[in-house]
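# A look at the structure
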Amino acid sequence: MKTTRSDGRTTLILLILLASAAAGISLMLTSYHLSEGREPWALFKLACDSEKGGCADVLASPWATGPGGIPTALFGAVYFGALALWYLVVGRPRGAGRRWQAVPLGINLAGALVSLFLASVMLGRLHEICWWCTLSHLINFALLFLAWKLFRRGGAEGDGDGPPRRLGAAGVLLMVAWAVLCIQGLAVSNLRKSAQRASDYARTYYEDVDLQRYLQQRAASAAVPVRPDDPVRGNPAAAHTAVVFSDFQCPGCRAFAQFSESELLPALGDRLRIVYKHYPLNRACNPGLGGDVHPNACEAAEAAEAARQIGGGEAFWKMHDALFQNQDSFGSAPWASLTQKIGLDPAAVIGQIGARAHHNRIVEDTELGRKLGIGSTPTIFLDGRKMEDWNRLELWQALVN
C-alpha cells in the first residue's frame, strides 16, 4: 500500500511538472506569434530558427490562429496551465473523490485529440515541423497516459475520500480564472501593439514632411468664399490663401495668431495671404453649437468687426492682436480700453458692440464654418484644403513653395 501511494505522488508530480513545462512552451510560442517573430525568446532559438524554417512557417500558417484571432498557442497555454493548476491544488484522486478527476481527464482527452489533429496538419498539409510545437504535443500525450494511470490507481487507494467538494470546485474555478487571465493578457497585448503602431504612424507622419504634403495636396478641396472686405494679412494678391476660422477667446487661436505673425508670414513673404473669419464658440452668435464654451467670444468678435468698420483692415488687425494679447481679461469686458490703445473712439466701438451691429456677418461666418465641417478652433484651410497640422513651418513652406 505504501508503494502505491508513493507511486501516485510521483505520477502527480510528473503531471504538474509536464503540464507546467508545456504551458511555458505555449506561452513562448504565443509571444513569438504576437511579436510576429521579431522578439523570440532565447530558449526558442535553441530548437527553431526565428526567421525561417519549420517553426516560422508553422507559426505563420492559418492554423496558428484560432477563433477570434486568438493564437492557437495561447489556447495551449490556457489548457496546460489549467491542468497544472488542477493537479497542484486538487491533488491526486482518492476513494469516492476520484469522480472529480474525471474533469481534468476529460479535458486532457479532448486536448490530446486536438494535438493529434494539429500534428497531422503540420506533417500532412504544411509539410513542416515546429519542434517546440511537436514537444508540446508529445507532452500532451504523456499527460493523458499519466492522468489515466493516476485515475485508475485512485480507486484502489485506501487513504480516505478526496478531494472534498469545495476543493474540487476551487480547482474548476482556478482553471477558469487562468483562462480569463490569459485572454485578458492577450487583449492588453493587442491594445499595446495597436497603440505602438498608431504611435509609429503618427511619428512617421509628423516627421515626414513629404508625406504630409502628399496627403494635404490630395485632400478634398472645398470652396471657401472670401468677401472683398474680409480682413487680410500678407500680400492681398498672393498665389496662396489661408482662411482661418478663429475665436478670440480660444488659446489655440492665440497660438496660431502668434505663429503666423512671428514665423509664417515672415518666412513666406508675398506668397501667402491669411484671411480671418469668425467662429466664436458661443451660441449667441454661433447658434448651431450644442453649448457655450467661451462666454465672451461673441462680444470680442463684435469689437474686432467694429474696429474694421471704423478704421478698415489695419484697425481690425490691431484689435485682433490686442484681443489675443488680453485674452485673459475678457471677463471684465475690456473693449473700451483696448479700443483706446489702438487709437479708435471707444464710444463708437462700444456702441456697435451694444447694438450687435455685426451679428449677421459673424453668424454668416459661423454658418459657413459648419458647412465646411468645422468642429474646433482654429481651423485653417489652405487653398480650400483643411490643414491638419498647421503649426509646422516646414510643411507650410513645402506646400506654398
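The notes below deal with the structure included here. (Residues numbered from 1 in each chain as written. Predicted model: local features only at pLDDT ≥ 70, side-chain atom pairs only at ≥ 80, totals over all residues. Heavy atoms only, no water.)

Okay, the overall build of the protein next. Secondary structure summary: the protein contains 13 helices and five strands in total. The buried share among the 401 residues of the protein stands at 46%. Of the accessible surface of the protein, which amounts to about 19800 Å², a share of 58% is contributed by carbon and sulfur atoms. (Helix = DSSP H or I, 4+ residues; strand = E, 2+ residues; numbered from the N terminus. Buried < 20%, exposed > 50% of the residue type's maximum accessible area, 1.4 Å probe, protein only. Areas by Shrake-Rupley, 256 points an atom, 1.4 Å probe, with all protein chains shown as cover.)

What follows covers the environment of Pro231. As for its placement among the helices and strands, Pro231 is situated in the loop between helix H7 (209-217) and strand S1 (232-234). Relative accessible area serves as the criterion here: at 3%, Pro231 is assigned to the buried category. Sequence-distant contacts of Pro231, defined by excluding residues within four places in its chain, comprise Ile274, Val275, Tyr276, Arg308, Phe316 and Trp317. (Contact = heavy atoms within 4.5 Å.)

This part covers helix H8 (residues 251-268). Here H8 is 18 residues long and its end C-alpha atoms lie 24 Å apart, about the 26 Å a rise of 1.5 Å per residue gives. At Ser260, H8 is bent by approximately 45°, the largest bend along its length. Every buried residue belonging to H8 is among Cys253, Phe256, Ala257, Phe259, Ser260, Leu264, Leu265 and Leu268, and all of these are buried. Gly269 occupies a position one or two residues after H8 and carries a positive phi of about 55°. (Expected span 1.5 Å × (residues − 1). Bend = angle between axes of the 7 residues up to and from the residue.)

For the rest of this paragraph, the subject is the sheet that holds strand S4 (residues 379-382). In space, the five strands of this open sheet follow the order S1-S3-S2-S4-S5, with mixed pairing throughout. At either end of the open sheet lies a strand with only one pairing partner, and these are S1 and strand S5 (385-386). Here S4 runs beside S5; their pairing, made up of two bridges, is antiparallel. Pairing of Leu382 across the sheet is with Arg385, part of S5. Against the sheet, H8 engages S1, strand S2 (240-246), strand S3 (272-278) and S4, with an angle of about 165° to S3. Contacts from helix H12 (residues 359-371) reach S2 and S3, with the element oriented near 105° to S3. (Pairing = 2+ DSSP bridges. Axes fitted to C-alpha atoms, helices over the stretch in contact; angles between N-to-C directions.)

Following the criterion strictly, the structure yields one disulfide and no others. Bridging Cys285 to Cys298, the disulfide has an S-S length of 2.0 Å. The sign of the S-S torsion, about -85°, decides the handedness of the disulfide formed by Cys285 and Cys298: left-handed. Taken together, the residues span a long stretch of sequence, with Cys285 in the loop between S3 and helix H9 (297-325) and Cys298 in helix H9 at a distance of 13 residues. The residues Cys285 and Cys298 share a single accessibility class, namely buried. (Disulfide = S-S within 2.5 Å.)

With the rule as written, the count across this model stands at 13 aromatic pairs. Clustering of aromatic rings is evident, with ring pairs tying together Phe248, Tyr276, Phe316, Trp317 and Phe324. (Phe/Tyr/Trp six-rings, centres within 6.5 Å; stacked < 30°, edge-to-face > 60°.)

Take the side chain of Thr377 next. Along the chain, Thr377 falls in the loop between H12 and S4. Take Thr377: its relative accessible area is 12%, and that puts it in the buried class.

Turning next to the side chain of Ser246. Mapped onto the secondary structure, Ser246 falls in strand S2. Owing to a relative accessible area of 3%, Ser246 belongs among the buried residues under this scheme. With residues near it in sequence (within four places) discarded, Ser246 still touches Cys253, Tyr276, Lys277, His278, Tyr279, Pro280 and Phe324.

Turning our attention to unusual backbone geometry. Note the cis peptide between Thr377 and Pro378, where omega equals -5°. Locating Pro378 in the fold gives a position in the loop between H12 and S4. One non-glycine residue, His127, lies in the positive phi region at around 55°. Tracing the backbone shows His127 in the loop between helix H4 (102-126) and helix H5 (131-154). A relative accessible area of 60% means that His127 is categorised as exposed. Positive phi outside glycine occurs at Asp383, with the angle close to 50°. In this structure, Asp383 sits in the loop between S4 and S5.

Take the nonpolar core next. With 44 residues, the main nonpolar core has Phe248, Leu264, Leu323 and Trp396 as its most contacted residues. For this core, the secondary-structure elements that each account for two or more residues are S2, H8, S3, H9, helix H10 (335-341), helix H11 (346-354), S4 and helix H13 (393-400). With twelve residues, the top contributor of residues to this core is H9. The residues contacting Leu323, other than those within four sequence positions of it, are Phe248, Ala300, Ala304, Phe330, Trp335 and Leu338. If you look at the next biggest cluster of nonpolar residues, it comprises 36 residues, including Met28, Cys48, Cys55 and Trp86. (Core = buried A, V, L, I, M, F, W, Y, C linked by side-chain atoms within 4.5 Å.)

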